[in-house]
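Chain by chain, the residues run as shown.
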Amino acid sequence: MENNAPVLEVINLHTYYGNIHALKGITLSVHKGEIVTLIGANGAGKTTTLKTICGLLKPRLGEVYHEGRMINVLKAHEIVSLGISMVPEGRGIFSRLTVLENLDLGAYIRTDRVAINEDLDRVFSLFPRLKERQKQVAGTLSGGEQQMLAIGRALMARPQILLMDEPSMGLAPILVESIFETIKTINQEGVTVLLVEQNALMALSIANRGYVLQTGQIVLQDTAANLQINEMVQKAYLGME
Amino acid sequence: MGDNIRAGLISGIAFGVIIIITSLIGFFGTVSALLGEFLFDPKTQPAALYSLVLILALLGLWAGIRAAKPVGTDRWSGALVSGAVAGLSTGLFVGIYTLIIGGFNARGLDIRGYLAQMSPDAIRFLLFQLPPATAALSYFLLFTTTGLAGGFLAKTLGRGRLKKANQQLKSKITELWESTSVAVWLSKFPYTQYIVYGAIIILALLLPISLGQYWNFTLGTVGVYVLMGLGINIVVGMAGLLDLGYVAFFAVGAYTVGLLTSPQQLSQFQIDFWPAAFLAIVIAAITGIILGFPVLRLRGDYLAIVTLGFGEIIRILVRSDLLSDFTGGPQGVRQIDGPSLFGISLTNDRAYLYMIILAIMLAIFVTIRFKDSRVGRAWVAMREDETVSQAMGINTYTTKLLAFAVGAAFAGLGGVLFASRNQYIGPEDANLLVSINVLAVVIVGGMGSIPGVFLGAFVLKGLPEIMRQLQDYRILAFGALLVVMMIVRPEGLWPSQRRRLEMHEEELPLEELEETEAIGALEAALEESTK
Ligand SMILES: Nc1ncnc2c1ncn2[C@@H]1O[C@H](COP(=O)(O)OP(=O)(O)O)[C@@H](O)[C@H]1O
Ligand SMILES: [Mg+2]
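The paragraphs below set out a description of the structure included in this document.

Reading the values: rules and limits
- Residues numbered from 1 in each chain as written.
- Chains lettered and ligands numbered in written order.
- Predicted model: local features only at pLDDT ≥ 70, side-chain atom pairs only at ≥ 80, totals over all residues.
- Heavy atoms only, no water.
- Pairing = 2+ DSSP bridges.
- Helix = DSSP H or I, 4+ residues; strand = E, 2+ residues; numbered from the N terminus.
- Near = heavy atom within 4 Å.
- Polar contact = N/O pair within 3.5 Å; in protein donor to acceptor, adjacent residues only side chain to side chain.
- Areas by Shrake-Rupley, 256 points an atom, 1.4 Å probe, with all protein chains shown as cover.
- Nonpolar A, V, L, I, M, F, W, Y, C, P; charged D, E, K, R; others polar.
- Core = buried A, V, L, I, M, F, W, Y, C linked by side-chain atoms within 4.5 Å.
- Buried < 20%, exposed > 50% of the residue type's maximum accessible area, 1.4 Å probe, protein only.
- Contact = heavy atoms within 4.5 Å.
- Donors = N, O, S within 2.8 Å, 3.2 Å for Na, K, Ca; no water.
- Axes fitted to C-alpha atoms, helices over the stretch in contact; angles between N-to-C directions.
- Expected span 1.5 Å × (residues − 1).
- Parallel < 35°, antiparallel > 145°, perpendicular 65-115°, else oblique.
- 1 Å grid on protein atoms, 1.4 Å probe; cavity = no way out; pocket = protein on both sides within 12 Å on 5 of 7 lines; lining within 4 Å.
- Points joined across faces, edges and corners; volume = space filled by probe spheres on them.
- Patch = residues over 30% accessible without salt bridge, like charges linked within 9 Å, V, L, I, M, F, W, Y side chains within 5 Å.
- Salt bridge = Lys/Arg side-chain N within 4 Å of Asp/Glu carboxyl O.

Turning next to the pairing of strand β4 (residues 61–66) of chain A. All names here are of chain A. Both strand β1 (residues 8–17) and β4 contribute to a ladder of five bridges, which runs antiparallel. Bridge pairing in β4 links Leu8 to His66. As judged from the two bridges shared by β4 and strand β5 (residues 69–70), these two strands associate in the antiparallel manner. Counted as the bridge partner of His66 is Arg69 from β5. From the end of β4 to the start of β5, which pair antiparallel, there are two residues, and Glu67 there has a positive phi angle of about 50°.

All names here are of chain A. In the neighbourhood of ligand 1, the contacting residues comprise Tyr17, Ile20, Ala22, Ala41, Asn42, Gly43, Ala44, Gly45, Lys46, Thr47 and Thr48. Within the side chain of Asn42, a nitrogen or oxygen atom sits 3.2 Å from an oxygen atom of ligand 1. Between an oxygen atom of ligand 1 and a side-chain N or O atom of Thr48, the distance comes to 2.4 Å. When the free accessible area of ligand 1 is taken as 560 Å², the share hidden by the protein chains comes to 62%. Classifying every residue of the shell around ligand 1 gives five nonpolar, five polar and one charged.

Generally speaking, a soluble globular protein has its nonpolar side chains buried in company with each other. Ranked by internal contacts, the top residues of the largest apolar core, which has 74 residues, are B:Met228, B:Leu230, B:Tyr246, B:Phe250, B:Val257, B:Trp379 and B:Ile425. Setting aside anything within four residues of it in sequence, one finds B:Val257 in contact with B:Phe273, B:Ala276, B:Ala277, B:Ala280, B:Ile336, B:Val416 and B:Ala419.

Residue and element names in this part refer to chain A. Donor atoms from the polypeptide that coordinate the magnesium ion (ligand 2) comprise Thr47 (OG1) and Glu89 (OE), at 2.0 to 2.3 Å from the metal. With Thr47 in helix α1 (residues 46–53) and Glu89 in the loop between β6 (84–87) and α3 (99–106), this pair connects stretches of sequence that are 42 residues apart. Judged by relative accessible area, Thr47 falls into the buried class, the value being 17%. Residue classification places Glu89 among the partly exposed positions, given a relative accessible area of 35%.

Now for the sheet that holds strand β8 (residues 192–197) of chain A. Residues and elements named next belong to chain A. Pairing is mixed across the open sheet formed by six strands, whose spatial order is β6-β7-β8-β3-β9-β10. In this open sheet, the two strands that pair with only one neighbour each are β6 and β10 (217–223). With strand direction ignored, the average angle separating the axes of adjacent strands in the sheet is 15°. As defined by bridge partners, strand β3 (residues 35–40) adjoins β8 across five bridges and the pair is classed as parallel. Residue Ile35 lies in a different strand from β8, and its bridge partner there is Val193. Strand contacts of helix α6 (residues 143–155): β6 and β7 (161–165), with the helix running at about 170° to β6, the strand carrying the most contacts.

In this section: the sheet that holds β5(A). All names here are of chain A. Spatial strand order, β2-β1-β4-β5: four strands in an open sheet with antiparallel pairing. Both edges of this open sheet fall to β2 (20–30) and β5, since each of them pairs with a single strand only. Sitting on the sheet, α1 touches β1, β2 and β4, and the angle it makes with β1 is about 115°.

What follows concerns helix α4 (residues 113–126) of chain A. Residues and elements named next belong to chain A. Here α4 spans 20 Å end to end across 14 residues, near enough to the 20 Å set by a 1.5 Å rise per residue. Every buried residue of α4 is accounted for by Ala115, Ile116, Asp119, Leu120, Val123 and Phe124. Where α4 is buried, its residues meet α3, α5 (128–132) and α6.

All names here are of chain B. Interaxial distance between helix α10 (residues 213–238) and helix α19 (residues 432–445) falls to 9 Å at its minimum, and their mutual angle equals 75°. By the angle between their axes, α10 is roughly perpendicular relative to α19. In this structure, α10 contributes Tyr225, Met228, Gly229, Ile232, Asn233 and Val236 to the contact, and α19 contributes Val434, Asn437, Val438, Leu439, Val441 and Val442. Grouping the amino acids of the contact of α10 with α19 by side-chain chemistry returns nine nonpolar, three polar and no charged.

Residue and element names in this part refer to chain B. Applying the stated rule across the entire model yields four cavities of 30 Å³ or more. Lining the largest cavity we find Asp243, Gly245, Ala248, Phe249, Leu291, Gly292, Val295, Thr307, Phe310, Gly311 and Phe404. Going through the elements one at a time, α11 (247–261), α12 (273–295) and α13 (300–319) are the ones with two or more residues in the lining of the largest cavity. Looking at the lining of the largest cavity residue by residue, the class counts come to six nonpolar, four polar and one charged.

So, about a nonpolar patch on the surface. Residues and elements named next belong to chain B. Taken together, the side chains of Met1, Ile5, Leu9, Ile13 and Phe93 make up a nonpolar region of the molecular surface, amounting to roughly 420 Å² of accessible area. Among the elements that take part in the nonpolar patch, helix α1 (residues 2–24) stands out by supplying three residues, more than any other. With respect to the helices, strands and loops of the structure, Met1 is situated in the segment before α1.

Below, the structure is given as C-alpha cells:
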C-alpha cells in the first residue's frame, strides 16, 4: 500500500497573479522513482504549477502534499529542505558567479561537507564539461553548459524530487538529446522527476506518465506510451496530422 | 566612423565637465601655483601660468587618448577623428565656459557669493590674463590640437610596438622578481600574506603616534567614513540592498551614546562610556532589523526611496519638539562623555584615532568572515537573483535582515566614535548628505572591495579636508566625480575581483565566450557523427 502512495500530490490547485487566474484546479500526482511529464503550450501554466509546488507562489485554493504532508503552507526555502529541488525556467544560473560557486549554492541547505564533495564529484562525472570550467564565470558558458550547470546545481541539494522547467528550451536538438539522456540517468540513480516541457516528443519518450495542460487545466492524463499515440496529443503537440 | 565620433564626444564631454567643475572649485589655481613653484623658477617666469597651460595640455592629450584608444586604433583616420572630436568638444565646452566667466569679470560682477574660489583675479588667471574672446579661442585651439595629438599618440602607442614593449617589460619584471632569491623565499614561505597583513597592522598602529593632532583628527574623520563604508559595503555591495537611509543607524548609535553619557538629557540615567557604546551598537543593529522588516518585500528603486525616507524620519524625529526633552531638538546633545581605561581618559585625538583604527580592524575581520561564510554566499546569490536564491533554499528574509543588522552595527559604531570624539551630536550631523557621502565612498572606491573603501574615504573625505578650499563645493565635486567615475571607471578605483568581472563583462570574457560556443558546436558535431 505504501508503495502506491504518491511522493508528491497536487490537489485542485488554483493560483492567481493578481486577478489573473493562471491555474484553474490542477490535480496531479508523482510516485517514487517515476519520470512524470507535464506538457502544454506556451502560457498553459506549466511554470506556474512548478513554482506553486516549490513554494515560490502561494495557491489561493488547493493543496500540495509531499509524502502525505501538506507543504503549500511552507516557505520556498523550507520546501527545498524537504528534498524538492527545481531547475528553473531559463536556467536561472547566477551568471556572475563561477561554476563552482553556483554548484556550491545548490548545496546551500546542506552542511555535510564530505557528502557535498561526493556530490560535487558526481555532478562533475555527469557533466565533465563543468569540471573543466569550474573556475569560469557562469554567464560565459554556452547555453548547453548553462543548462548542465542548472541541473547540476539542483542535484547538489541531493534532492528526492527534481522539478525541471523546460530544460530543452533554446538548445540545439543534439544537445537536447544529451540532456534528456542525463535526465534518464539521474532518474535511474533514484531521483523522482517532474518534467515540464513544450517539447512533448522528447518528454514523452523518457517519461512514465504524462499530463497535458491547457489554459490552466489538466485536459488529459495517461501513460507516456498512450499519450504518444493519442490523436489529440499528436495533433496539438507532436506536429502530426 | 560613427563610433569614432561618438567616442570622441563622450570623452570630450566628460573632460569638459571635469575641467569646468574642477576649475570652479579652484583646483587649477591651487595646483598651478604648487606645480609652478616646483617646476619653474618663480622669479623669472610666470610660473603658475605655464603650469596651468601644461596641466590643460596634458588633460587635452588624455582626452584624445581616451577617445581614440578603445575604438579607432586599427586605422589612422579613426584614431585621429576620435582624438580631434574629443579635443574639439572639450575645447567648445571650456571655451564657452571661459566666455561666461570672462563676461562676469568684464561687467564687474563678483560671483564669489556663489563660488568662493572665483575671485576676479582667479578668473583672469584662468583666462591666461587675456580678453575673454581671445582666451576662449586659445582654449579651443589648445584642446583641439592636444586632442588630435592624443589621438595620434593613442595610435602610435596603442596596438603596435609600444603595447608589446610594455607587455614584454611587464613579463621581464615578473621574471626578474620571481628569479630573485627573496621572492622565491617569500613565495615558498606559506605565511607571506600573514606577514604582509601583520606589517600593515603594525604600520596602522604606529600611525597615530607619528602624526600630529591635526592629522590624527583628520584621519579620524576619514576612519569613521571607512567604518561606515565597510558597513554599507555589506548592505549594498554584498547583499545588493540599495539603502539610502544609512545615516539613520549612525544617528541611532551617536544619539544613544549621547543620551546615556551626557549629563544634559537624562541626568538621572547616566552610565559609563563602554556599556553605553555597547548598548548603542546593539540598538543600532536592532534598528536595522526594525527598519528592515517593512522593506523586505521591496526591490531595487523602491527600496532606495523608502530607506531614504527612513533616514529623513530619524533626522526629523531627533530634531522635533516632540522629543526635544531627550534629544535637545535642533541644539543636539552636548557634553557627551568619552571613554577611559584604568582611570586614564582616552579623549584626545590620538586615542580616538587608535579606537577608530581598532574598530576598522574589527569591521574588516567581520566583513572577511562573512564574505567566506554561508551567509556571505547567500548575500551574493540574493543580489544576483532573489527568486532563484529562494529556490536554492536561502531564507531571503533573515538573510536580508542580517545584512541590515550588520551594516547598521558598523554605522552605529561609527556614530558612537564620532559623537564621543566631538562630545556633541546634532540633527544636522545626521542629514541625507551623510548617506550619500558614504555611498559615494564605496562607489568611488569600488563596490564590494575593502581597499576600495579606504581609497574612496580618503579621496572623498581626506582630500577635501587637506585642500580646505574644496570643502564648500564638496557636493559639486561629488557630482562631477561620480559622473566621471561612471564614464571612466564604472567599477570604482579599486574594484573587487567580482565587480571587475561584472562591469567589464562585455570586454573581458568575450574571447572565452566565443571559444565556449565553438567548443559547444564542435562537441555537438562530434556527438552527431558518433551516432
Ligand atoms: N508574473 C506574472 N504576472 C501575471 N501573469 C503571469 C505571470 N506569469 C505568468 N502569467 C500568466 O499565467 C499564465 C501561465 O503562465 P506560465 O505558467 O508561465 O505558462 P507556461 O510556463 O506554461 O508557459 C499565462 O497566461 C501567463 O500570461
Ligand atoms: Mg514556462
